[in-house]
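# Descriptive structure summary
Residue strings, one per chain:
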Number of protein chains: 2
Amino acid sequence: MIKVILLGSGNVATHLFQAFSKATEVEVVQVFSRTLSEDFPKSIQTSDFTKISDADMYIICVSDDAIASVSNQLEFENRLVVHTSGSTDFNLLDKKNRRGVFYPLQTFSKNKSVSFTEIPICLESEHVSDYLLLEKVAQSISNSVYKIDGNQRKALHVSAVFVCNFTNHLYQIGNEICNQNNIPFSILQPLIEETASKIKTLSPKEAQTGPALRKDSKTIAKHIDFLSDENQVEIYKLLTKSIQNVEKL
Amino acid sequence: MIKVILLGSGNVATHLFQAFSKATEVEVVQVFSRTLSEDFPKSIQTSDFTKISDADMYIICVSDDAIASVSNQLEFENRLVVHTSGSTDFNLLDKKNRRGVFYPLQTFSKNKSVSFTEIPICLESEHVSDYLLLEKVAQSISNSVYKIDGNQRKALHVSAVFVCNFTNHLYQIGNEICNQNNIPFSILQPLIEETASKIKTLSPKEAQTGPALRKDSKTIAKHIDFLSDENQVEIYKLLTKSIQNVEKL
Ligand SMILES: NC(=O)c1ccc[n+]([C@@H]2O[C@H](COP(=O)([O-])OP(=O)(O)OC[C@H]3O[C@@H](n4cnc5c(N)ncnc54)[C@H](OP(=O)(O)O)[C@@H]3O)[C@@H](O)[C@H]2O)c1
Ligand SMILES: NC(=O)c1ccc[n+]([C@@H]2O[C@H](COP(=O)([O-])OP(=O)(O)OC[C@H]3O[C@@H](n4cnc5c(N)ncnc54)[C@H](OP(=O)(O)O)[C@@H]3O)[C@@H](O)[C@H]2O)c1
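Since the model is a prediction, treat every value here as computed from it, not as a measurement.

### Points about the nonpolar core
Counting 78 residues, the largest nonpolar core has F162 of chain A together with F162 of chain B as the members making the most contacts within it. Elements with a minimum of two residues in this core: β6 (98-104), α4 (150-180), α5 (189-198) and α9 (230-248) of chain A together with β6 (98-104), α4 (150-180), α5 (189-198) and α9 (230-248) of chain B. Not counting residues up to four positions away in its chain, the partners in contact with F162 of chain B are L170, I173, I177, L227, Q232, I235 and Y236 of chain A together with T167 of chain B.

If you want it as structure tokens, here you go:
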């Protein structure tokens, strides 16, 4: 049995804990959290750095800003310590330990369950000899494990901002427009899902539709005229221009 | 049996024809298309306005720009004629016929099949007495039928541009960044699907995550520095600002 310790008690720690609970080869033997959390059994929690047990791997799932400081406060050396951040270099971790990254490429919220088996886990290890263990732990919860270097991870993180955070913000704008016109936002759900699933079989370039692509300037003008929010108008214009630029390539 | 005639042979006509083929109460008795199309049986196609048969309802599914002209060329009067456009007023149709709208709120491509039962169909009729027939035809292929007036339809169409066309363009940017860094774009698919499905249970505002929301200026600066394309930088900055503005509300 591979022994893992989680540090942090937020979204990622909670989902990882649930996923590892179902794994047969990995056991979470302890959770370090500066405040007691109801999401983990009391018996395995500690908030005291001096009480952290022995384990094969330590996964730091705290806010990006706190990763370095948490890793500095660990009182042991030469063990495998990884973080779960998409945008943080592994060498921000204290170099007294063997370092790595265990980045689950997904959007987590505590009140929304996810199936870990489909979630890509992006791995990086400072020492080649640690990679196998890292991989074994990742494969115990996911079928989609990738070796990704620091630069690629940075690229993935930026991409994720576009396809997840920014996309969700466009949903938010759609929601606002619906509210202002007494239309239930749920009408848009099938369109949103089809848009996301279309690109499993078509490239985004092939899947593109709409007035911007068709250079339908009459409809574009009507839409801009319809929008009352200056910020929405600015986004409409910039993304329309951007779609039309891609087509020129 | 309700007799329907489709005018046009593009994406929407093709998908409607397939959906009506499975309906028990509606039959497509003819397809008008200015050029012969392989997507419909030859026996029911015509490209001659004088040969258009009798039917209970005529669905004009041609490009927005051609809707008025096609409706003008119809040689009959006082029958129910509708178009399928999200952004076109029903009174663009020639007033010699009884007019309406049959707008399926979905993104269609010929080479991507969809299940019509989940697709919202937005209906509007000039005469109250026509609404029931319109509704019956829509309900024969979809479980999700809405009465939507012209202004609401315009709002829906603008919303659809944000949540579908613009969202797909963000996928395209994610794809480009992946390509530039030798990462398979498919790694992002689970994230894209989870982002779309999350808003079935959370509002987009509740579902929002990421550096913009967290006001994580270090990560934002790193991302902007990472992007080499000026256009991508502009989009990154504008959407980041927009997410932060929403939070102030
Ligand atoms: N959420 C996602 O979608 C996602 C996806 C992939 C990767 N990640 C990465 O995973 C990591 C954790 O993210 P998250 O979403 O789980 O964050 P979160 O829900 O905000 O939780 C952050 C955790 O860090 C702890 N923490 C913060 N500052 C600390 C400090 N100075 N000392 C000790 N603990 C501290 C917090 O403790 P308190 O509860 O006591 O404040 C909390 O347990 C981050 O590196 C993030 O980039 C997140
Ligand atoms: N695609 C979507 O995702 C979608 C979704 C909802 C609603 N709509 C609406 O549905 C309608 C059709 O869209 P679509 O995507 O099916 O378009 P499409 O695939 O581009 O097909 C357009 C059709 O219109 C015909 N046409 C164009 N100009 C014509 C003219 N002057 N006279 C006669 N026929 C003409 C074309 O004939 P040729 O093949 O001979 O050129 C073709 O059959 C539009 O009003 C659109 O706004 C589309």
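On we go from here.
### Here's the deal with the domain arrangement of chain A
Residue and element names in this part refer to chain A. Examined at the domain level, chain A breaks down into domain 1 (2-148) and domain 2 (153-248). The distance between the C-alpha centroids of domain 1 and domain 2 comes to 35 Å. Domain 1 puts 14 residues into the contact, and the matching count from domain 2 is 6 residues. Both faces considered, domain 1 and domain 2 share a buried interface measuring about 710 Å² in area, 64% of it formed by carbon and sulfur atoms. With its nearest N and O atoms 2.6 Å apart, the salt bridge here joins E124 to R153.

### Thoughts on the site of ligand 2
All names here are of chain B. Not every one of the 21 residues close to ligand 2 is listed here, only the nearest: S9, N11, V12, R34 and D64. In this structure, an oxygen atom belonging to ligand 2 sits 3.3 Å away from a main-chain N or O atom of G10. Between ligand 2 and T35 there is a distance of 3.0 Å, counted from an oxygen atom to a side-chain nitrogen or oxygen. Mapped onto the shell around ligand 2, the elements with two or more residues apiece are α1 (11-22), α2 (67-73) and β6.

### Here we look at the site of ligand 1
Residues and elements named next belong to chain A. As a structural note, the neighbourhood of ligand 1 is formed by 21 residues, with S9, N11, V12, R34 and D64 the closest of them. Between ligand 1 and F108 there is a distance of 2.9 Å, counted from an oxygen atom to a backbone nitrogen or oxygen. Surface burial for ligand 1 is 74%, taken as the share of its 900 Å² of free accessible area covered by protein chains. Of all the secondary structure elements, the ones that give two or more residues to the shell around ligand 1 are α1 (11-22), α2 (67-73) and β6. Of the residues that constitute the shell around ligand 1, the class distribution is 9 nonpolar, 10 polar and 2 charged.

### Quick word on the sheet that holds strand β2 (residues 26-32) of chain B
Residue and element names in this part refer to chain B. Within the open sheet, the 8 strands sit side by side as β3-β2-β1-β4-β5-β6-β7-β8. Their pairing is mixed. In this open sheet, the two strands that pair with only one neighbour each are β3 (45-46) and β8 (145-147). Direction of pairing for strand β4 (residues 57-60) relative to strand β5 (residues 80-83): parallel, over a ladder of 3 bridges. Bridging across to β5, I60 finds its partner in H83. Relative to β2, α1 is tilted by about 150°, and along the sheet it contacts β1 (2-7), β2, β4 and β6.

### Considerations on the packing of aromatic side chains
Using the criterion set out here, one finds 14 aromatic pairs over all chains in the structure. Here F17 of chain B and F40 of chain B contribute two aromatic rings whose centre-to-centre distance is 5.3 Å and whose plane-to-plane angle is 80°, an arrangement assigned as edge-to-face. Here F17 of chain B, found in helix α1, pairs with F40 of chain B, found in the loop between β2 and β3; they are 23 residues apart in sequence, far enough to count as distant. F40 of chain B matches F17 of chain B in its accessibility class, with the two residues each being buried. Between F32 of chain B and F49 of chain B, the aromatic rings sit 4.3 Å apart at their centres with planes inclined by 35°, giving tilted as the arrangement. Separated by 17 residues along the polypeptide, F32 of chain B in strand β2 and F49 of chain B in the loop between β3 and β4 bring together distant segments of the chain. Note on accessibility: F32 of chain B and F49 of chain B belong to one class, buried. Clustering of aromatic rings is evident, with ring pairs tying together F162 and F166 of chain A together with Y236 of chain B. Directly above the aromatic system of Y131 of chain A lies the positively charged group of K147 of chain A, at a separation of 4.5 Å from the ring centroid.

### Topic: the side chain of T107 of chain A
Positionally, T107 of chain A belongs in the loop between β6 and β7 (121-125). Polar side-chain contacts of T107 of chain A include one of 2.6 Å to the side chain of K198 of chain B. The residues touching T107 of chain A, leaving out its near neighbours within four places in the chain, are C164 of chain A together with L191, E194, T195, K198 and T209 of chain B.

### Side note on the UniProt feature "domain: DUF2520" (unreviewed entry) in chain A
As recorded in UniProt, the sites labelled "domain: DUF2520" (unreviewed entry) are residues 119-243 of chain A. Between the first and last C-alpha atoms of residues 119-243 of chain A the distance is 29 Å; the span itself is 66% helix and 6% strand.

### Side note on the packing of α4 of chain A against α4 of chain B
The axes of two packed helices give the description: the angle between them and the distance between them. The geometry of α4 of chain A relative to α4 of chain B is characterised by a closest axis approach of 9 Å and an angle of 180° between their N-to-C directions. Accordingly, the angle class assigned to the pair α4 of chain A and α4 of chain B is roughly antiparallel. A per-class count over the contact of α4 of chain A with α4 of chain B returns 22 nonpolar, 6 polar and no charged.

### Re the relation of the copies chain A and chain B
The two copies are related by a screw operation: chain A maps onto chain B through 180° of rotation and 0.0 Å of translation along the axis, at an RMSD of 0.0 Å. On the angle and the small slide along the axis, the relation comes out as a two-fold axis. Relative to the rotation axis, the closest C-alpha in chain A is found at T167 of chain A, a distance of 2.8 Å. A share of 100% of the interface residues of chain A reappears at the interface of chain B, consistent with the copies meeting face to face through the same patch.

### So, the pairing of strand β2 (residues 26-32) of chain A
All names here are of chain A. Within β2, 5 of the 7 residues are buried, leaving the element largely enclosed by the surrounding structure. In this region the chain leaves strand β1 (residues 2-7), passes through α1 and returns to the parallel neighbour β2; the handedness of that crossover is right-handed. Two elements, β2 and strand β3 (residues 45-46), share 2 bridges in a ladder whose sense is parallel. Bridge pairing links F32 to T46 in β3.

Rules behind the numbers
- Residues numbered from 1 in each chain as written.
- Chains lettered and ligands numbered in written order.
- Predicted model: local features only at pLDDT ≥ 70, side-chain atom pairs only at ≥ 80, totals over all residues.
- Heavy atoms only, no water.
- Core = buried A, V, L, I, M, F, W, Y, C linked by side-chain atoms within 4.5 Å.
- Buried < 20%, exposed > 50% of the residue type's maximum accessible area, 1.4 Å probe, protein only.
- Helix = DSSP H or I, 4+ residues; strand = E, 2+ residues; numbered from the N terminus.
- Contact = heavy atoms within 4.5 Å.
- Domains from an automatic or database assignment.
- Buried area = accessible area lost by both parts, 1.4 Å probe.
- Salt bridge = Lys/Arg side-chain N within 4 Å of Asp/Glu carboxyl O.
- Near = heavy atom within 4 Å.
- Polar contact = N/O pair within 3.5 Å; in protein donor to acceptor, adjacent residues only side chain to side chain.
- Areas by Shrake-Rupley, 256 points an atom, 1.4 Å probe, with all protein chains shown as cover.
- Nonpolar A, V, L, I, M, F, W, Y, C, P; charged D, E, K, R; others polar.
- Pairing = 2+ DSSP bridges.
- Axes fitted to C-alpha atoms, helices over the stretch in contact; angles between N-to-C directions.
- Phe/Tyr/Trp six-rings, centres within 6.5 Å; stacked < 30°, edge-to-face > 60°.
- Lys NZ or Arg CZ within 6 Å of the ring centre and 35° of its normal.
- UniProt positions renumbered as here; feature names shortened; annotations may be inferred.
- Parallel < 35°, antiparallel > 145°, perpendicular 65-115°, else oblique.
- Least-squares fit on C-alpha atoms with pLDDT ≥ 70 in both.
- Right-handed = clockwise from strand over helix to strand, strands pointing away.

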